[in-house]
Every structure is written in C-alpha cells, then in structure tokens.
Amino acid sequence: QVQLVESGGGLVQPGGSLRLSCAASGRTFSRYAMGWFRQAPGKEREFVAGFSWSGPRTYYADSVKGRFTISRDNAKNTVYLQMNSLKPEDTAVYYCAALLGVVVTTNTGDYDYWGQGTQVTVSS
C-alpha cells in the first residue's frame, strides 16, 4: 500500500510557526493529487491545502489562506505544510492524504490514502 507518514506537529504559541512533513512511500505520486486536512475535537475533518504533483496550482481553505503554504520535495517524496501566524483555532490533528487522480478536491471521501496524523496545538 501507499504509506503516508506525517511529522512535525507539536505545541506552539499563538503567532508561531510549524512545518509539517508528509513522507510518502510505496508508489510514485506523479499521478496523485495531495492534500492536507485537519480535524479538531468534535468537528468534521476539513480540507486545509492541496496540490497536484505535476500541476502549477495550489489550493487553500479560506481559513488558512495567506498563513499556510503547501510545498513538495520530489527527490524526498515529501509534502510539506508550512504554517505561520498560528491561531488557537488551528489546533487539530493534521493529516496528509493522496487522491488517485489529477485534480485536487476538498472532499475527504475522494482521497484514497491517509497518514496517521500529527497533533498541532496552538496555545499560550
């Protein structure tokens, strides 16, 4: 199977930054769309950011636009989520996901593979 492993979460104060990493193995991801999702306690899992490996465009949820940046390192088979100006409402478990397709969607049900998640807590 395709394996996705997130890392980089932790505790950070409001206004701080974290960079999450998602290391992929098992298959090439040249034909996959990739996304970051998050799930806070008591809430549905929601789309945060995404891109297609071969596409020039990235996508962001309105709640994180201007603060978060999704990027990739093809040589390392790794996707990143740089999170700046963090707010307490960003607190959640963050997941990376892969969709066997060429277009990013915001629907969790469209994604075929998921990482185990990494906890991000923004608190003073």
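About the cut-offs
- Residues numbered from 1 in each chain as written.
- Predicted model: local features only at pLDDT ≥ 70, side-chain atom pairs only at ≥ 80, totals over all residues.
- Heavy atoms only, no water.
- Salt bridge = Lys/Arg side-chain N within 4 Å of Asp/Glu carboxyl O.
- Helix = DSSP H or I, 4+ residues; strand = E, 2+ residues; numbered from the N terminus.
- Buried < 20%, exposed > 50% of the residue type's maximum accessible area, 1.4 Å probe, protein only.
- Phe/Tyr/Trp six-rings, centres within 6.5 Å; stacked < 30°, edge-to-face > 60°.
- Lys NZ or Arg CZ within 6 Å of the ring centre and 35° of its normal.
- Contact = heavy atoms within 4.5 Å.
- Disulfide = S-S within 2.5 Å.

Caption draft 1: Inspection of the pattern of salt bridges at higher detail. In the structure shown here, the tally under the stated rule is 4 salt bridges. Across the salt bridge formed by R38 and D90, the nearest N and O atoms sit 2.9 Å from each other. Taken together, the positions of R38 in strand β4 (residues 32-39) and D90 in the loop between β8 (78-83) and β9 (92-100) put the pair 52 residues apart, joining distant regions of the chain. For R38, a relative accessible area of 5% corresponds to the buried category. Put simply, D90 and R67 hold a salt bridge, and the shortest N to O gap is 2.7 Å. Note that D90 is positioned in the loop between β8 and β9 and R67 in the loop between β6 (58-60) and β7 (68-73), a separation of 23 residues in sequence. The class for D90 is buried, based on a relative accessible area of 0%. You can call R67 buried: its relative accessible area is 11%. By sharing partners, the salt bridges in this structure join R38, E46, R67 and D90 into a single network.

Caption draft 2: Layout of the packing of aromatic side chains. Tallied over the full model, the rule gives 5 aromatic pairs. Measuring from ring centre to ring centre gives 5.6 Å for F37 and F47, while their planes differ by 80°; the resulting arrangement is edge-to-face. Of this pair, F37 sits in strand β4 while F47 sits in strand β5 (residues 46-52), and the two are 10 residues apart along the sequence. Each member of the pair, F37 as well as F47, is classed as buried. An aromatic cluster is defined as three or more aromatic residues linked by ring pairs; in this entry it consists of F37, F47, Y95, Y111 and W114. Positioned above the aromatic ring of Y95, the side-chain terminus of R45 is 3.7 Å from the ring centre. Here R45 stacks its cationic end above the ring of W114, 4.8 Å away from the centre of that ring.

Caption draft 3: Up close: the environment of P14. Following the sequence through the fold, P14 ends up in the loop between β2 (10-12) and β3 (18-25). In this structure the C-alpha to C-alpha distance between P14 and T69, which are 55 residues apart in sequence, comes to 17 Å. Contact partners of P14, with chain neighbours within four places excluded, come to L86, P88, V122, S123 and S124.

Caption draft 4: Just the state of the cysteines, in detail. Within this structure, the stated rule accounts for 1 disulfide. Here C22 is linked by a disulfide to C96, with a sulfur-sulfur distance of 2.0 Å. Judged by the sign of its S-S torsion, about 60°, the cystine formed by C22 and C96 is right-handed. With C22 in strand β3 and C96 in strand β9, the pair connects residues that are 74 residues apart, well separated along the chain.

All we've got here are geometric facts, nothing functional implied.
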